[in-house]
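# Fold and geometry: a report
Residues per chain, in single letters:
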Amino acid sequence: MHGCFATDARRAFVSPRMALAILMCAALYLLGTVSEIGSTDLLYLLDSAMNVGAFSYLLPLVAALPFSGSFLEDRKTGFVRLQLQRVTPKRYLTVRFFTVALSGAIATAMGMLVFLSVLPLLHPMATLPTNAEGIAVYPYMQDVVTAENWRGYYAFYACLQALSGMFWAGVALTLSTLVSQAQILYLSVVLLMEVLNRILFAVHCDSFTSLATGAVQATQRSQVLGQSSLIFLGLTMGCYGLFSVLGKRRLSHA
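Described below are features of the structure shown in this document.

The rules behind each value
Per chain, residues are indexed from 1 in the order of the written sequence. Under the rules for a predicted model, residues below a pLDDT of 70 receive no local features and side-chain atom pairs below 80 are neither given nor counted, while totals for whole chains, interfaces and linings still include all residues. Based on all heavy atoms of the structure, the side-chain values leave hydrogens and waters out of the count. Here, a salt bridge means any side-chain nitrogen of Lys or Arg that lies within 4 Å of a carboxyl oxygen of Asp or Glu. Numbering goes from the N terminus for both helices and strands, where a helix is a DSSP run of H or I of at least four residues and a strand is a run of E of at least two. Exposed residues in this analysis have more than 50% of their type's maximum accessible area, buried residues have under 20%, and partly exposed residues fall in between, with area computed by a 1.4 Å probe over protein chains only. Note on terminology: pairs of cysteine sulfur atoms within 2.5 Å are recorded as disulfides. Expected helix span is taken as 1.5 Å per residue step, with the number of steps being one fewer than the number of residues. This arc describes the spread of directions from the helix axis toward the C-beta atoms. Contact definition: two residues touch when any of their heavy atoms are within 4.5 Å.

## Digging into the pattern of salt bridges
Scanning all chains against the criterion turns up 6 salt bridges. In this structure, Arg96 engages Asp8 in a salt bridge whose closest nitrogen and oxygen atoms are separated by 3.0 Å. Of the two residues, Arg96 is situated in helix α7 (residues 89-122) and Asp8 in helix α1 (residues 2-13); the sequence distance between them amounts to 88 residues. Considered together, Arg96 and Asp8 belong to a single accessibility category, that of buried residues. Each member of the salt-bridge network shares a partner with another, and the members are Asp8, Arg11, Asp74 and Arg96.

## So, the state of the cysteines
A covalent bond between the sulfur atoms of two cysteines is referred to as a disulfide. On inspection of all chains with the given rule, the structure shows 0 disulfides. Cysteine Cys205 shares no disulfide, and the gap to the nearest cysteine sulfur, in Cys239, comes to 18 Å.

## Observations regarding unusual backbone geometry
Backbone geometry follows two general trends: most residues other than glycine have a negative phi, and most peptide bonds adopt the trans configuration. If you check the backbone angles, Glu148 has positive phi at about 55° while not being a glycine. Inspection of the secondary structure assignment puts Glu148 in the loop between α8 (142-146) and α9 (150-175). For Glu148, a relative accessible area of 33% translates into the label partly exposed. Despite not being glycine, His204 shows a phi value in the positive range, around 60°. Checked against the element boundaries, His204 lands in the loop between α10 (182-202) and α11 (208-213). Using a relative accessible area of 77% as the deciding quantity, one classes His204 as exposed.

## Things to note about α10
For α10, with 21 residues, the first-to-last C-alpha span of 31 Å sits near the 30 Å given by 1.5 Å per residue. Looking only at α10, the buried set comprises Leu185, Tyr186, Val189, Val190, Met193 and Asn197. The buried residues of α10 occupy an angular sector of 130° when the element is viewed end-on, so they sit on one face. Summarising the geometry of α10, the exposed residues directed more than 90 degrees from the buried face are Gln183, Leu187, Arg198 and Ala202. Those residues of α10 that are buried are in contact with α2 (16-32), α4 (59-64), α9 and α11.

That is the geometry; function is a separate question.
If you want it as C-alpha cells, here you go:
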C-alpha cells in the first residue's frame with residue numbers, strides 16, 4: 001500500500017493542478033473582496049470573501065481540481081490496469097480516495113492562506129485590530145481576537161476550509177464513477193453544491209458554505225468545529241462507501 005500511496009501522492013501534490021487549485025482559490029477570495037475596496041478590517045474581509053464572495057460557488061471546483069478526476073483519467077488511459085497488477089482493487093480504491101480527500105483539504109486550506117498573504121496588496125488600508133479592541137465577526141471567536149491570537153484565528157478557519165475541501169473532493173471522485181468526461185465532472189460538483197445549499201436553506205438548516213466558514217449559531221469554537229467535523233467527515237465516509245461500490249463495478253470492466 002505504501003508504494004501505491006507514494007505514486008498517488010506524487011501525482012496529486014507535486015502537480016501543476018495542485019498549484020493551479022491553490023491559486024484559483026486565492027483568486028476567488030480576492031475577487032470576492034473587490035466590492036469591499038476601502039474596508040479597513042481584515043477580519044471582515046476574510047468573512048466577506050468566504051461567505052458572500054461573488055464566485056464562492058466555485059470553491060468545490062478548487063477541491064476537485066487537483067486529483068478528483070484521476071480515476072476517470074486512469075480508466076481512459078488504461079493506467080488502471082497497470083495499477084491492478086500491483087494491488088488489489090480494494091486497496092487501489094482506498095488509497096485513491098484517501099489521497100483525493102487529502103488533496104482537496106490541502107488545496108482549499110492553502111488557498112485561503114495564500115489569499116490572506118496577498119490581501120494587503122488589494123486592500124492596503126486594511127489592518128488587524130489592536131489593543132484588544134477588535135470585535136470578532138462571530139462571538140465564539142471574541143476571546144481569540146481579544147488575545148490577538150491571529151495564528152489561532154486563521155488556523156481555525158483554515159481547518160474548516162480543509163474539512164469542506166476534503167468532502168467536496170470525495171464527492172467529485174464519487175461522481176467520476178458515473179460520468180465519462182472531466183468537464184461534466186467539474187460542472188456537476190459545482191451545481192451539486194448550489195442545489196444542496198438551496199435545499200438546506202429552504203429547510204432552515206446550515207448550508208455547506210456556512211459549515212465551511214463558521215457562519216453558524218454557536219457560543220463556543222468546539223461546537224462549530226465539532227458540528228462541521230461530524231457532518232463533513234460523516235458524509236465523506238459515506239462517499240467512500242459509495243465510491244468503493246461503484247468503483248469496483250467500473251474496475252470489473254477495466
